[in-house]
Every structure is written in C-alpha cells, then in structure tokens.
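Here's the letter readout for the chains.
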Amino acid sequence: MTAGGGGIVTADGGPPVLAVSGLGKGFRVSRSGGAGTVRAVVDVDLTIGHGEIVGLVGESGCGKSTVGRCILRLLEPDTGRIVLDGTDITRMSRRRLRPLRPKMHMVFQDPYSSLNPRMTVGAIVGVPLRTHRVVARDKIGGAVDGLLDRVGLARQLRSRYPHELSGGQRQRVALARSLAVRPSLLIADEPTSALDVSVQAAILNQLAQLHGEFGFSCLLISHDLAVVEYLCDRVAVMYLGSIVETGTREEVFGSPKHPYTQALLAARLDTGAAGPGAAAAGPVRRRAVLAGELPSPRNMPAGCTFHPRCPVAELPLCADTVPPDVTVPGVHGGSHSARCHLVHTDGRAPDIRVAG
Ligand code: SF4
C-alpha cells in the first residue's frame, strides 16, 4: 500500500487488488453567501495487495467513509483513478460495472439499516448467491447454511427477520451476505462501532478468522486505533480529506512520524491492553495533546491543514505551503511515509509526545 504519491508497493510484490490514485470528492453545499463546494476527499492514493488488510484511520468526519464509497462507486469521484484487479472502473458505466460487483463488497457500520427488514436471514444471504449464479439453484439452501456456519450463526436463524436478531448477529448476517460472492475486496466501514462493546471483540475475531479462510483483501475504515492495530497489516492515517501518514502497522504504531498520528496515539485511552475490546477494559490514563476540534471542510486551512492544531507548527511555512510526502527509512523494516515539513528523509521527525 502506498499513500500520498509514492510508487505502488504491495506486501507480496505482485499487482495490487486495488490501486487508487489522486482520488478527490467534493459536495455542493449552500451557504449564506451562495452555494459552494466542500472538499471531503483530496488527492488520496491507496493501494492494497492480495490478502492485505489496510486500515484507514482518523477522526469522525475526516472523509474515510467517502473514500470507501467512492472506491465502490456508490459515490462518483470527481478526480482520480480506481483500478480493481487490473481493470480501471473509475468511469465505467453501471451496466459494465455490474459483472464486477461481486469482486467488491461493503460491510456497513449499522447492519440493521443495510439489511432488508422484510427478508429472512436465509433470503438475505441467498440473494447474492442467486443473482451472481454462485451456485446452482438447488444448491442455494445448502450454500446459505454453509455461510451461516462460517460466520458463527446457528442454521435455525435462517427463518428469522433482522429485527429478531441482536446487533452482533445482524453484522454476522451482513458478513455472510458479503462473503457469498467471494469478493476480492471487502470494505468494512466501522463494522463494530454500532455494536455493544461486549460483542465488538467477537465480531473482529470473526472477521480475522474469515480473512484467513477466504483470503480477501480488506480496507478497514475505523476511528478506533485498537481495532486497526489488532487487524491491519498496513495503516493510512487520514486528516481533513487527505492521507497524512502511511506505513506498515509496526512503523506507524511503533514509530509515528506525523504530529497528528502522534497526537492520536497519545490521546487514545491507554489501557495497557491491546486488541479488540481494549477500550472496554477501562481507561488507565489519557494524555490530551490534540487541541481543538477537527476544522470544517468548508473552511479548509491553507498550507498544512493540520497547522491550526499542530503543537510544533512552524509559521509561516506550515500555514503557507502544502507539505510534501516524505518517505522515511522503516525502523522495523517496513514502508513508511508522512506528509509534514518537519519530517526528513533520514527519519528525523518531531515527536509531540515528548516535546510537550
Ligand atoms: Fe505540523 Fe507543520 Fe508538520 Fe503540518 S507540516 S504537521 S503544521 S509541523
């Protein structure tokens, strides 16, 4: 995975399952002085190799979900290029896109709103099998049972409706429906954030197990650093529509270079535990080093968009000039880059966790 303009590098050195370059998306909004455009996603590059899980992490409202929806063409990007399994799907017509749909699937944050309330579990999971002719008609029932087994749901739930299920069971149904067509790419958009803390870990463990069995590539969108650290091979950190740091999990979590990433890591609840459900263990300490709120994309700061909140900003440089993407040597042997004026190609970078 690369971000921010570097070359395409995948873990296995082969062609990527997904290659996104220069992705941009704006939304028209009305303001008191007339209509304007909010830039939700700005020049995003993202590449995912076969079987990789890439985490896209950042605060709510930073544009993560918009990236996911643009990749699946649920939203039309304004700029950029999206290549799936070697095929450019950026401007492909809906009709030509239809046969490629089984290659990519999305699991949404709220499983209840993504499941048809009038359909039984069996029908919901059976629809993609039938639509995409994954198995012969007389084999659909058995295939549905097999998928329910794989996601840890009892077969007796086939005849139930979504409102009769718990949140965790509904998300398992959504997973079974997605995996029915054996996608190359699964985009999981905050798949556990609408669930009780008590079931979040179980769903994440299920996702990890299914990834091992099915071998799909995955873009995991989350605001939860513990989730990303537990599941992902690589990480892209997003701030105000742009990717500001990217690298392997070990590099980004072990040696963060961008002040925003450092602030996220320092401010998270430090429970002394790792993995899913870590937040549920209760806070031990919190170091608040990230001042202020995420600015509105309507008033995108000039220069480095993080400069109004950055404790080590150098003015006027940071307020006037967009920082470059700087590739640094991986401390743990992995790829690593950050978009900051104060990050150097030899790896030197500020660390706001010790500066403050
Ligand atoms: Fe902070 Fe400047 Fe780096 Fe932006 S470019 S993160 S403002 S030091």
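Whatever comes next refers back to the structure up there.
The structure presented is a predicted model; accordingly, all values stated were derived computationally and were not measured.

Structural notes on the site of the ligand
- Close to the ligand lie His 258, Pro 259, Cys 304, Phe 306, His 307, Cys 310, Val 312, Ala 313, Cys 318, Cys 340, His 341 and Leu 342.
- At a threshold of 2 Å from the grid points, most atoms of the ligand map onto the largest cavity.
- Tallied by class, the residues present in the shell around the ligand amount to 9 nonpolar, 3 polar and no charged.

A few points about helix H6 (residues 167-179)
- Its 13 residues give H6 an end-to-end C-alpha distance of 19 Å, which sits within 8% of 18 Å, the value for a rise of 1.5 Å per residue.
- Within H6, 11 of the 13 residues are buried, leaving the element largely enclosed by the surrounding structure.
- Turning to H6, its buried residues are Gly 168, Arg 170, Gln 171, Arg 172, Val 173, Ala 174, Leu 175, Ala 176, Arg 177, Ser 178 and Leu 179.
- Buried residues along H6 sit in contact with strand S6 (104-107), helix H3 (111-114), helix H4 (121-131), helix H5 (140-150), strand S7 (185-189) and helix H7 (197-214).

What to know about the pairing of S7
- With respect to burial, S7 is a largely interior element, 5 of its 5 residues being buried.
- Bridging between S7 and strand S8 (residues 217-222) involves 5 bridges; their strand directions are parallel. Within the sheet, the bridge partner assigned to Ile 187 lies in S8 and is Leu 219.
- On the question of chirality, the crossover connecting S7 to the parallel S8 by way of H7 is right-handed.

With respect to the nonpolar core
- Of all hydrophobic cores here, the largest spans 50 residues; its most connected members are Val 125, Val 173, Phe 216, Leu 220 and Val 237.
- Residues within four places of Val 125 in sequence aside, it is in contact with Val 144, Leu 147, Leu 148, Val 173, Ala 176, Arg 177 and Ala 180.
- In this structure, Ala 40, Leu 84, Leu 100 and Met 104 belong to the second largest nonpolar core, which totals 31 residues.

Here's the deal with empty space enclosed by the protein
- Per the stated rule, a full pass over the model turns up 2 cavities of 30 Å³ or more.
- Each pocket or cavity is described by its volume, and for the largest cavity that value is around 80 Å³.
- If you go around the largest cavity, the residues you meet are His 258, Pro 259, Cys 304, Phe 306, His 307, Cys 310, Val 312, Ala 313, Cys 318, Cys 340 and Leu 342.
- Of the pockets and cavities examined, the second largest cavity occupies roughly 40 Å³.
- Taken together, Val 57, Leu 225, Val 235, Val 237, Val 252, Phe 253, Thr 261, Leu 264 and Leu 265 make up the lining of the second largest cavity.
- Counting only elements with at least two residues in the lining of the second largest cavity, the list comes to strand S9 (234-239), helix H9 (249-254) and helix H10 (259-267).
- Considering each element in turn, the lining of the second largest cavity owes the most residues, 3 residues, to H10.
- Among the residues forming the lining of the second largest cavity, the class breakdown is 8 nonpolar, 1 polar and no charged.

Brief notes about the sheet that holds S6
- The sheet built from 8 strands is open, its strands ordered S6-S7-S8-S3-S9-S10-S12-S11 with mixed pairing. The open sheet has two edge strands, S6 and strand S11 (325-327), and neither has a second partner. For this sheet, the mean angle separating the axes of adjacent strands, direction not counted, is 20°.
- In this structure, S6 lies alongside S7, joined through 4 bridges in parallel fashion. Of the residues in S7, the one forming a bridge with Met 106 is Ile 187.
- Across the face of the sheet, H10 comes into contact with S9 and strand S10 (242-248) while running at roughly 100° to S9.

As for the layout of surface pockets
- Reported here for the second largest pocket is a volume of approximately 370 Å³.
- In terms of lining residues, the second largest pocket is bounded by 16 residues, among which Met 104, His 105, Met 106, Phe 108 and Arg 177 are the most central.
- Here the residues of the lining of the second largest pocket sort into 10 nonpolar, 4 polar and 2 charged.

Notes on unusual backbone geometry
- Cis geometry is found at the peptide bond from Leu 315 to Pro 316, where omega equals 5°.
- Tracing the chain through its elements places Pro 316 in the loop between H10 and helix H11 (317-320).
- Positive phi values are uncommon outside glycine, yet Arg 73 reaches one of about 65°.
- Here Arg 73 is to be found in the loop between helix H1 (64-71) and strand S4 (79-84).
- Residue class for Arg 73 comes out buried when judged on its relative accessible area of 4%.
- The backbone of Arg 182 sits at a positive phi, close to 50°, despite the residue not being glycine.

Comments concerning the side chain of Gln 171
- Note that Gln 171 resides in helix H6.
- Within the structure, the side chain of Gln 171 is placed 3.0 Å from the backbone oxygen of Phe 108, a separation counted as a polar contact.
- Side-chain polar atoms of Gln 171 contact the backbone oxygen of Pro 191, separated by 2.7 Å.

Rules behind the numbers
Residues numbered from 1 in each chain as written. Predicted model: local features only at pLDDT ≥ 70, side-chain atom pairs only at ≥ 80, totals over all residues. Heavy atoms only, no water. Near = heavy atom within 4 Å. 1 Å grid on protein atoms, 1.4 Å probe; cavity = no way out; pocket = protein on both sides within 12 Å on 5 of 7 lines; lining within 4 Å. Sits in = over half its atoms within 2 Å of the grid points. Nonpolar A, V, L, I, M, F, W, Y, C, P; charged D, E, K, R; others polar. Helix = DSSP H or I, 4+ residues; strand = E, 2+ residues; numbered from the N terminus. Expected span 1.5 Å × (residues − 1). Buried < 20%, exposed > 50% of the residue type's maximum accessible area, 1.4 Å probe, protein only. Contact = heavy atoms within 4.5 Å. Pairing = 2+ DSSP bridges. Right-handed = clockwise from strand over helix to strand, strands pointing away. Core = buried A, V, L, I, M, F, W, Y, C linked by side-chain atoms within 4.5 Å. Points joined across faces, edges and corners; volume = space filled by probe spheres on them. Axes fitted to C-alpha atoms, helices over the stretch in contact; angles between N-to-C directions. Polar contact = N/O pair within 3.5 Å; in protein donor to acceptor, adjacent residues only side chain to side chain.

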